[in-house]
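Tertiary structure, described
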Amino acid sequence: MYFLFVFLIGFVIPLLFKKSKMKWAKWFPAILLFVGMIIMGGKAKFFPGPEMAVLGEIMYFMILGTAAIGAIMGALFVHFSNKKN
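Residues numbered from 1 in each chain as written. Predicted model: local features only at pLDDT ≥ 70, side-chain atom pairs only at ≥ 80, totals over all residues. Heavy atoms only, no water.

1. A word on the side chain of Ser 81
Mapped onto the secondary structure, Ser 81 falls in helix H3 (residues 53–84). Looking at Ser 81, its side chain comes within polar contact range of the main-chain oxygen of Val 78, at 3.1 Å. (Helix = DSSP H or I, 4+ residues; strand = E, 2+ residues; numbered from the N terminus. Polar contact = N/O pair within 3.5 Å; in protein donor to acceptor, adjacent residues only side chain to side chain.)

As structure tokens, this is what we get:
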């Protein structure tokens with residue numbers, strides 16, 4: 001349920017940029033979350049923390065990944081809904 005909530009937050013963020021004049025603005029949240037996911041995954045892989053801290057880092061990786069997927073889907077929704085109008 002928590003990841004669904006994170007996914008929906010990621011999905012709604014690009015909708016805030018729907019009326020923006022810049023074409024790339026709707027993709028900015030997805031790119032930012034994706035880069036954050038890569039950085040967090042790299043930190044967890046190459047600089048692991050002590051014992052149970054690794055699980056927390058993996059959870060952050062999963063949260064950022066879920067939000068990034070939601071943001072990509074939200075940006076695609078905005079992209080295709082603007083093309084019809």
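2. Brief notes about the confidence of the model for the protein chain
Close inspection of predicted coordinates is inappropriate in any region flagged by low pLDDT. The pLDDT averaged across the protein chain works out to 89; a share of 98% of its residues lies at or above 70. Within the protein chain, no element has a lower average pLDDT than H3, which sits at 89, and none a higher one than helix H1 (residues 2–12), at 93. (pLDDT = per-residue confidence, 0-100.)

3. Observations concerning the nonpolar core
Counting residues in hydrophobic clusters, the biggest one holds 7 residues: Val 6, Ala 30, Leu 33, Ile 63, Ala 67, Ala 68 and Ala 71. Contributing elements (two or more residues each) for this core: helix H2 (28–46) and H3. Other than its neighbours up to four places away in sequence, Ala 67 contacts Val 6, Gly 10 and Leu 33. (Core = buried A, V, L, I, M, F, W, Y, C linked by side-chain atoms within 4.5 Å. Buried < 20%, exposed > 50% of the residue type's maximum accessible area, 1.4 Å probe, protein only. Contact = heavy atoms within 4.5 Å.)

4. Here's the deal with the environment of Pro 14
You can see Pro 14 is positioned in the loop between H1 and H2. Exposure remark for Pro 14: the relative accessible area of 0% places this residue in the buried category. Along the sequence, Pro 14 and Ala 71 sit 57 residues apart, while their C-alpha atoms lie 6.2 Å from each other. In contact with Pro 14, not counting residues within four places along its chain, are Lys 26, Ala 71, Gly 74, Ala 75 and Val 78.

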